[in-house]
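A structural walkthrough
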Amino acid sequence: MITIFSARKILTMNPRRPVVRHVAIRDGVILGAGDLEELRGWGQHRIDDRFADKVLMPGLVEGHCHLQEGALWSHTYVGFFDRMSPEGEMQAGCKTVDEMLAKLAAAEARLDSPDAPLPGWSLDPIYFDNQKITRHQLDAISSTRPIGVMHASGHIMNVNSKALELAGLMRTGINHEGVPLGNDGLPTGELRGPDVMSPVSIHVGFDRDMLSCDEHGMWRFGRLCVRAGVTTATDLAARLPEDAVETLRHVTGNDRYPARIVPLRFHHGVSPEDLIAHVEALAPQSTDKLRLGRIKIVVDGSIQGFTARLRAPGYYNGAPNGLWYIAPEQLAYILEHALRKGIQVHTHTNGDEATQLVLDTMRRVLRKAPARDHRFTLQHCQLADTAQFRQIKELGLCVNLFANHHHYWGDQHYELTVGPERAERMNAAGTAVREGVPFAVHSDAPITPLGPLFTAWCAMNRRTASGRILGEAEKITLDQALRAITLGAAYTLHLDKELGSIETGKRADFAVLEDDPEEMGVERLNETRVWGTVLGGKVFGTCDV
Amino acid sequence: MSDPALPLTIIGGYLGAGKTTLVNHLLRNAQGQRLAVLVNEFGSLPIDADLIEAQEGDLTVLAGGCVCCSYGDDLMFALTQIQKLDPAPDHVLLEASGVALPGAIGSAIGLFGDDIRVHGIVILADAETLPGHLNDTYIADTISRQLDSADVVILTKSDLASPDQMRRSLDIVHEHAPLAGVVESRGQDVNSELILSHIEALKKPGQSRGAHSIRLVTNVLAMSEPVDPEAFAQTLSADPDILRAKGHMISAQNQQPVTLQLVGRRYSITGAPPTAKPGVVVIQKDHS
């Protein structure tokens, strides 16, 4: 059966027919976008007017996020900024430490079992003048149940005395730079870095594999996608053991599941040889709504955690250089064999030295294993300079820039981590445009909220949380930003042949908007209201999910 | 009374330095000790096939009651699993990944509590490739930080390296690990008993030939009065000049003798035999 949707406006991202009013679909595929009279030619059809006052865009593509966002909403959100829950409740941000503690106390009061843990997430003390939270403040909420609050960065956690006790850390004599001690010689309850967080986090209700997601979390993630206009989302660092793949297949196989998921197999904890073999075995298990067979390599750490690898002149505050999370030889092995086998690789590089290592390695392995159109993608790639963008172009790589990060933590980078000049060049979308590098922009949800229209706004305005315009020359236009969150992201996943624009032959994936992004413009794109999505011709309204 | 904590030796060093060879060598020459091996990457299971008896899940059972277990990035969970093993192992070998910083792993293990203690950090370096690696801007600082954490450095492939490479490698080791004992090895010739049981004998402070060698002095503290062992250990560990301390003291809490072992910032306090004579030997840097 053919359905022809009419809409107030359809932004197709197809330059041959940029704006139309009608789109015809059949069996989840677009027959055409254009005049109603043209589309009638496809044969017997029904007209669907429910979007007559809405604006359609191609379904938005989030090229770097984690399903974990869905799982985290089972815990108490204590972030500074207002954030929409999967159920559509706008949760007010905690603007002071007291508000944060009050919200946790309210959540504590709702728990039945006296020893059930109380996990919270997205605390960001930089908005509280970096006031240190102590275990005593959390003990006042409960001394009998373990409490743990993950910071927005994902790199620090605050816990109460009970949590320390359960992890065997409520003692003197601890000698670890990630465990600050109080005057009494006992830990203050702040835990810095994954080494010290992991022994405690399991006691406070976080999963052992922080990046994993269960069935319930996947459904919540799906609801967030509908609210953000997203129809295709990556799960960018998945381990993909058999049971996780089974859950992914089971959930995405449900007709009512509203998102196409693209999980990338994380390199960690497995040898390069086994990594390649695992991904080769996964690829044939793909379905329309589950796209397996890609690799994610984490090359370095984070800039705000001072674990990113920087070239000279290094960190602005003099911190020593960061850490490698893979040996250069292993990186080369994976890149070379993936190129030979046609497996796509995305690399996490935050620091510019890590980016340069990938560029140098790609140049070398491409001589051994020549490949065209590989579209290997540098994820984050936050600090790359212009010369590096030129190399990225020459080597056929793509970038996916962390535009949201620039908004939330740009001030910190300006003042502390990399200093003013490099902070201005971070997430250089303008340079990507000028140098002709294919690019996308991303949220890294749950690190920042899932919402490509907001991410596009960040990339166009480069306004930090304090209101500073950080890197005027790296701003991009509305057209460029809208392309980045549709075709741009689809291109980095080799999915632009079926996603990213509304044109004949592509998947019937739409973002259904109450407002017209072209009317909202550069200044107000982040305020665009989302009605819901269409995925493969199936309609998902935010009111239904 | 013996130290009840399970000793754990960290084996670090860059790719190709010979970590896997050493682990297999120690397994073959465990001298009756049951070893548990922790590896970062399960797929690259470094154990020679003939040593493997059975595999189940993340755990591989090895000849002589030894086991091998991968920890991925969840070391604490793996240590919990090791603790539950029955029969309990006598010694844990942790093979770090090639870019890991063993000093940081040692600090993390210190968080685990009193049941497992770091016995020593052994860093392997390939005498043939070490000088080249120290000129590679990407990995030079990683390798120098690895060496910096060593109690013992094993310079491998000493038979394959040219005299010039050997001399340059030794200079590098003395520069970056001036306080570590240095063993030259051709592969299968490391004395396993020394590593597993008497690593203290290999740690020989102060014998640096490097240009920046630090002079060390040894002091003996009489410990004639009872003290709070924890507070005493914290004071010593907070002093950056103090490199090692070992000896006995009387605990002010219960008037019982305890043994203190301190290496850098790590220390352990355990019960001492009743006959232990108070006194702590402290090795520290001399700035005079």
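As a reminder, the structure under discussion sits directly above these lines.
Below: a short report on this structure. (Residues numbered from 1 in each chain as written. Chains lettered and ligands numbered in written order. Predicted model: local features only at pLDDT ≥ 70, side-chain atom pairs only at ≥ 80, totals over all residues.)

Observations concerning the interface of chain B and chain A
The figure often quoted for interface size is the accessible area lost as the parts come together. As a reminder of what qualifies: Placing a C-beta atom from the backbone of each residue, one calls two residues in contact when those atoms lie within 7 Å. Numbering of helices and strands runs from the N terminus; a helix is a DSSP stretch of H or I covering at least four residues, while a strand is a stretch of E covering at least two. Lys, Arg, Asp and Glu make up the charged group, whereas Ala, Val, Leu, Ile, Met, Phe, Trp, Tyr, Cys and Pro make up the nonpolar group; the residues left over, Gly among them, are polar.
Listed per partner, the contact involves 29 residues of chain B and 28 residues of chain A. Put simply, the parts of the chain that give the side of chain B that touches chain A at least two residues each are helix 2 (75-84), helix 3 (102-110), helix 5 (140-148) and helix 9 (229-238) of chain B. A class-by-class count of the residues in the side of chain B that touches chain A yields 11 nonpolar, 11 polar and 7 charged.

Some points on the packing of helix 10 (residues 328-341) of chain A against helix 11 (residues 352-368) of chain A
The description of two packed helices rests on the angle between their axes and on the distance between the axes. Residues and elements named next belong to chain A. We count it as follows: Lines fitted to C-alpha atoms define the axes here, with helix axes fitted over just the stretch in contact, and angles between the N-to-C directions of these axes take values from 0 to 180 degrees. Angular relationships are summarised with four words: roughly parallel below 35 degrees, roughly antiparallel beyond 145, roughly perpendicular across 65 to 115, and oblique for the angles in between. In this scheme, a crossing is called left-handed if the near helix is turned counterclockwise away from the far one by less than a right angle; it is called right-handed if the turn is clockwise.
Across the interface, helix 10 lies against helix 11 with an axial gap of 9 Å and an inter-helix angle of 45°. As the angle between them shows, helix 10 and helix 11 are arranged oblique. Pair helix 10 / helix 11 crosses with right-handed handedness. Packed against helix 10, whose contacting residues are Pro328, Leu331, Ala332, Leu335, Glu336 and Leu339, the element helix 11 presents Leu357, Thr361, Met362, Arg364, Val365 and Lys368 at the interface. Residue composition of the contact of helix 10 with helix 11, by class: 8 nonpolar, 1 polar and 3 charged.

Examining the nonpolar core
Selection rule: Among buried residues, those of type Ala, Val, Leu, Ile, Met, Phe, Trp, Tyr and Cys that are joined through C-beta atoms within 7 Å form a set called a nonpolar core. Labels follow a simple rule on C-beta atoms placed from the backbone: if 20 or more others lie within 10 Å of a residue's own, it is buried; if 12 or fewer, it is exposed; otherwise it is partly exposed.
In this structure, Leu56, Val200, Val299, Ala456 and Ala459 of chain A together with Ala125 and Val153 of chain B are the most contacted members of the largest nonpolar core, which totals 233 residues. Broken down by element, this core gets its largest block of residues, 8 residues, from helix 17 (residues 478-492) of chain A. With sequence-adjacent residues up to four places away left out, leucine 56 of chain A is seen in contact with Ala7, Ile10, Val23, Phe51, Ile502, Phe510 and Val512 of chain A. Listed in part, the 12 residues of the second largest apolar core include Val227, Val258, Leu262 and Val280 of chain B.

Thoughts on the packing of helix 16 (residues 452-461) of chain A against helix 17 of chain A
Residues and elements named next belong to chain A. Where helix 16 contacts helix 17, the axes come no closer than 9 Å and their chain directions differ by 140°. Looking at the two axes, helix 16 sits oblique to helix 17. By crossing handedness, the relation of helix 16 to helix 17 is classed as right-handed. Across the interface between the two elements, Pro452, Thr455, Ala456, Ala459 and Met460 of helix 16 pack against Leu478, Ala481, Leu482, Ala484 and Ile485 of helix 17. Of the residues that constitute the contact of helix 16 with helix 17, the class distribution is 9 nonpolar, 1 polar and no charged.

Observations concerning the sheet that holds strand 19 (residues 398-401) of chain A
Residues and elements named next belong to chain A. Formally: We treat two strands as partners when DSSP finds at least two bridges between them.
The sheet built from 8 strands is open, its strands ordered 6-14-15-16-17-18-19-20 with parallel pairing. Edge strands, defined here as strands with exactly one partner in the open sheet, are strand 6 (60-62) and strand 20 (439-441). Neighbour-to-neighbour, the strand axes of this sheet turn through a mean angle of 20°, independent of strand direction. With 3 bridges joining them, strand 19 and strand 20 adopt parallel strand pairing. Bridging across to strand 20, valine 399 finds its partner in phenylalanine 439. Across the sheet, helix 11 touches strand 17 (344-349) and strand 18 (377-380), and the angle it forms with strand 17 is around 155°. This element, helix 16, spans strand 6, strand 14 (230-238) and strand 20 of the sheet and lies at about 110° to strand 20.

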